[in-house]
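# Coordinate inspection notes
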Amino acid sequence: MAISSISVALHDARTSAGLSQRELADAAGTAQSVVARIERDAVSPTIATLERLARAAGCELELRLVPAPVRDPVIEAYKKDVDRTLLRENIQKSVEMRLQSLCDHWTFAEELKRAGKAMRTQCTKPKTRPHP
């Protein structure tokens, strides 16, 4: 559970247990106003308070720390520039259509290489001058 959803989780646990805020507070040994403030996300309760409230609602509090995903800064920098319409179009194509498109691009890249090589060859040929 994300920290920002504690208020929702507590509210859901309390209502699933069929308890009012006052009943939950009494069972946890705290005031109803504490439960109300937590459910409104107006306070950040201690873990001890959350444990008491969770037990009173018939739940267990589970707290985990997990490694954050490693993000590639280059990919993150370019995410905003990705044209998602092309991605959606490509996903809708069959595997065969995507493979054909890949082959077409490969063929085009090979043609570009040959054209580039021909241009380089043409540009490096010594130019002959007519003799007077």
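The structure this text deals with has already been given above.
Residues numbered from 1 in each chain as written. Predicted model: local features only at pLDDT ≥ 70, side-chain atom pairs only at ≥ 80, totals over all residues. Heavy atoms only, no water.

## Observations regarding the overall build of the protein
Of the regular secondary structure elements, the protein holds 7 helices and 0 strands. Taken from N to C terminus, the helices and strands of the protein fall in the order α-α-α-α-α-α-α. For 132 residues, the compact-globule estimate of 2.2 N^0.38 gives 14 Å, and the C-alpha radius of gyration of the protein, at 33 Å, exceeds that figure by more than 25%. Dimensions of the protein along its principal axes, counting C-alpha atoms only, are 110 × 35 × 20 Å. For the protein, with 132 residues in total, the buried portion stands at 14%. A fraction of 45% describes how many contacts in the protein between residues 6 or more apart in sequence connect residues 24 or more apart. The average position of the 21 basic charges and that of the 17 acidic charges among the side chains of the protein differ by 12 Å. (Helix = DSSP H or I, 4+ residues; strand = E, 2+ residues; numbered from the N terminus. Rg over C-alpha atoms; globule rule 2.2 N^0.38 Å. Buried < 20%, exposed > 50% of the residue type's maximum accessible area, 1.4 Å probe, protein only. Contact = heavy atoms within 4.5 Å. Lys, Arg positive; Asp, Glu negative; His and termini not counted. Charge placed at Lys NZ, Arg CZ, Asp CG, Glu CD.)

## Considerations on the nonpolar core
Ile 6, Leu 10, Ala 13, Leu 24, Ala 25, Ala 28, Val 34, Val 35, Ile 38, Leu 50, Leu 53 and Ala 57 form the largest nonpolar core, which has 12 residues in total. Mapped onto this core, the elements with two or more residues apiece are helix H1 (6-16), helix H2 (21-28), helix H3 (32-39) and helix H4 (47-56). When neighbours within four sequence positions are excluded, Leu 24 is seen to be in contact with Leu 10, Arg 14, Leu 19, Val 35, Leu 53, Ala 56 and Ala 57. (Core = buried A, V, L, I, M, F, W, Y, C linked by side-chain atoms within 4.5 Å.)

## Notes on the packing of H1 against H3
The contact between H1 and H3 brings their axes to 7 Å, and the two run at 125°. For the element pair H1 / H3, the angle class is oblique. The residues of H3 that touch H1, namely those facing Ile 6, Ser 7, Leu 10, His 11 and Arg 14, are Val 35, Ile 38 and Glu 39. Residues of the contact of H1 with H3, tallied by class, amount to 4 nonpolar, 2 polar and 2 charged. (Axes fitted to C-alpha atoms, helices over the stretch in contact; angles between N-to-C directions. Parallel < 35°, antiparallel > 145°, perpendicular 65-115°, else oblique. Nonpolar A, V, L, I, M, F, W, Y, C, P; charged D, E, K, R; others polar.)

## Structural notes on the packing of H2 against H4
Relative to each other, H2 and H4 sit at 115°, their axes nearing to 8 Å. It follows from the interaxial angle that H2 and H4 lie roughly perpendicular. Note that H2 runs across H4; the crossing there is right-handed. Mapping the contact onto sequence places Leu 24, Ala 27 and Ala 28 in H2 and Arg 52, Leu 53 and Ala 56 in H4. (Left-handed = near helix turned anticlockwise from the far one by under 90°.)

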